[in-house]
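Structural overview for review
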Amino acid sequence: MGRIVIVEILDAHGAVRQRVRLERWPAIIGRAYSADVLLDDPYVSPEHVRVIDGDGFGLVVEDLASVNGLYTADGTRVSRATLGAGAVVRLGRTRLRFCPASQVVVPALVDGAAAASGEASAVRRGWRRLPVTAGLIALCVAATVVVGLQSYFDGYRRNGGSAAIETGAALFLVLVLWAAPWALASRVVVQRAQLLGHLAIASAATIAIELVANTEVWCSYLFPGSRFGGLVGGVGLCATFVGLLGGHLALASAMPARRRWRIVGTVTGAFVALGLLAAHIEAAKFTNKMDYPASLRPFPMAWLPATSVRGFIGATGDLKARVDSLVAER
């Protein structure tokens, strides 16, 4: 690396927010106004790290006993590291990329006459974002439709259609109320609310929950008396919760993936433990209510694990003969 170095300050998604040119060494990076690279991050110390020019052997960055430390791109905390061209480090919740002044940049885009005021570029960006936005909206609509149809087919009232519409509308309101705090957290942490993204994550989790619930019911119906349905439901719900929480944290924070999934695993484990405890307490209660894990389903009788009427009568006859023999022995 040469003596002139460009420090790129990245956002949570890897986009460049600011570039700072360094020409004198050593250079201080931190939150102090006297720093050569000034970072607006409350998790960065006033003088967080010092960067030394290695005279052709790359840059050397040293941690200056900061509160939150210096991390490499893979999330490893270090006190000192040698940086090559394009190396990325993390200070607090800010990521920095170091590039030489000779870094090759992409050619400039051709600006047409209609783009003099920036309107054409805005239109192009809008068209590029349109498929993604449409997909997220379609996912939200799909979740509402799926839950509404589930309510309609499970209902037995005459006004099932209106009840299904009410259920779908209520679900959409719940999804918005769920996504709004996550969007607020995203706005505070990464400066982008991304409400539609959080709403799409919650909608995908809703669809997954419906699929898992229906799969569990069918398994309990086809395999009565076994725990296969409960196992499928438990694993499916855990996977859905992991995806839900992990997706929200990915949009609302800039933390490394390893730490993010560690938090997701811890929270999921706590919820699983609470669920098992609640199931154990519920199972220990005395009740005279029959437990029907699955309602009747439209399914070919030949595929069901059942016996014929003749076989059932024969089995009951054998059972009666055994009971009579036991009574006679007494």
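Structure: above.
Residues numbered from 1 in each chain as written. Predicted model: local features only at pLDDT ≥ 70, side-chain atom pairs only at ≥ 80, totals over all residues. Heavy atoms only, no water.

**Considering the overall build of the chain**
- Scanning the chain from terminus to terminus reveals six helices and 11 strands.
- The proportion of buried residues among the 330 residues of the chain is 30%.
- The long-range fraction of contacts in the chain, counting pairs at least 24 apart against all pairs at least 6 apart in sequence, stands at 48%.
- Carbon and sulfur atoms provide 64% of the accessible area of the chain, an area that totals close to 21800 Å². (Helix = DSSP H or I, 4+ residues; strand = E, 2+ residues; numbered from the N terminus. Buried < 20%, exposed > 50% of the residue type's maximum accessible area, 1.4 Å probe, protein only. Contact = heavy atoms within 4.5 Å. Areas by Shrake-Rupley, 256 points an atom, 1.4 Å probe, with all protein chains shown as cover.)

**Considering unusual backbone geometry**
- Here Trp25 and Pro26 are connected by a cis peptide whose omega angle stands at -5 degrees.
- Tracing the backbone shows Pro26 in the loop between β2 (16-22) and β3 (27-30).
- Of note in this structure, Ala65 is not a glycine but carries a positive phi near 55 degrees.
- Structurally, Ala65 can be placed in the loop between β6 (59-63) and β7 (70-72).

**What to know about the sheet that holds β6**
- The strand order across the open sheet built from five strands is β4-β3-β5-β6-β9, with neighbouring strands paired in mixed fashion. Strands with a single pairing partner mark the edges of an open sheet, and in this sheet they are β4 (37-38) and β9 (80-83). (Pairing = 2+ DSSP bridges.)

**Examining the side chain of Thr206**
- Along the chain, Thr206 falls in helix α3 (residues 195-222).
- Thr206 gets classed as buried once you look at its relative accessible area, which sits at 13%.

**Thoughts on helix α4 (residues 228-252)**
- The terminal C-alpha atoms of α4 lie 36 Å apart, and with 25 residues this matches the ideal 36 Å at 1.5 Å per residue to within 8%.
- When α4 is considered as a whole, its buried residues turn out to be Gly229, Gly233, Gly236, Thr240, Leu244, Leu245, Gly246, Gly247, His248, Leu249, Leu251 and Ala252. (Expected span 1.5 Å × (residues − 1).)

**So, the layout of surface pockets**
- Considering only enclosed or pocket space, the largest pocket measures out at about 420 Å³ in volume.
- Looking at the largest pocket, it is lined by 20 residues, and the ones nearest its centre are Arg17, Asp40, Thr94, Val189 and Gln191.
- Secondary structure elements with two or more residues in the lining of the largest pocket: β1 (5-10), β2, β11 (94-100) and α2 (160-190).
- In terms of residue count, α2 provides more of the lining of the largest pocket than any other element does, three residues in total.
- The residue inventory of the lining of the largest pocket, partitioned by class, reads 11 nonpolar, three polar and six charged. (1 Å grid on protein atoms, 1.4 Å probe; cavity = no way out; pocket = protein on both sides within 12 Å on 5 of 7 lines; lining within 4 Å. Points joined across faces, edges and corners; volume = space filled by probe spheres on them. Nonpolar A, V, L, I, M, F, W, Y, C, P; charged D, E, K, R; others polar.)

**Notes on the sheet that holds β1**
- Read across the open sheet, the six strands follow the order β2-β1-β11-β10-β7-β8; overall the sheet is antiparallel. Taken across any chain shown, the strands that pair with only one partner, and hence form the sheet edges, are β2 and β8 (77-78).
- Looking at chain direction, strand β10 (residues 87-91) and β11 are connected through five bridges and run antiparallel. Each residue of the ladder has a partner; that of Arg90, found in β11, is Arg95.

**Notes on the side chain of His248**
- Within the secondary structure, His248 is located in helix α4.
- Using a relative accessible area of 0% as the deciding quantity, one classes His248 as buried.
- Each residue touching His248, except ones within four places of it in the same chain, is listed here: Trp178, Trp182, His198, Ile201 and Ala202.

**Overview of a nonpolar patch on the surface**
- Together, Ile137, Val141, Val145, Leu149, Tyr152 and Phe153 make up an exposed nonpolar region whose accessible area comes to about 590 Å².
- Within the secondary structure, Ile137 sits in helix α1 (residues 119-154). (Patch = residues over 30% accessible without salt bridge, like charges linked within 9 Å, V, L, I, M, F, W, Y side chains within 5 Å. Salt bridge = Lys/Arg side-chain N within 4 Å of Asp/Glu carboxyl O.)

**Notes on the pattern of salt bridges**
- In the structure shown here, the tally under the stated rule is seven salt bridges.
- When the shortest N-O distance is used, the salt bridge between Arg80 and Glu62 registers 2.2 Å. Placement of Arg80 in strand β9 and of Glu62 in strand β6 is noted, with a sequence separation of 18 residues between them.
- Exposure remark for Arg80: the relative accessible area of 48% places this residue in the partly exposed category.
- The exposure class assigned to Glu62 is buried, which follows from its relative accessible area of 13%.

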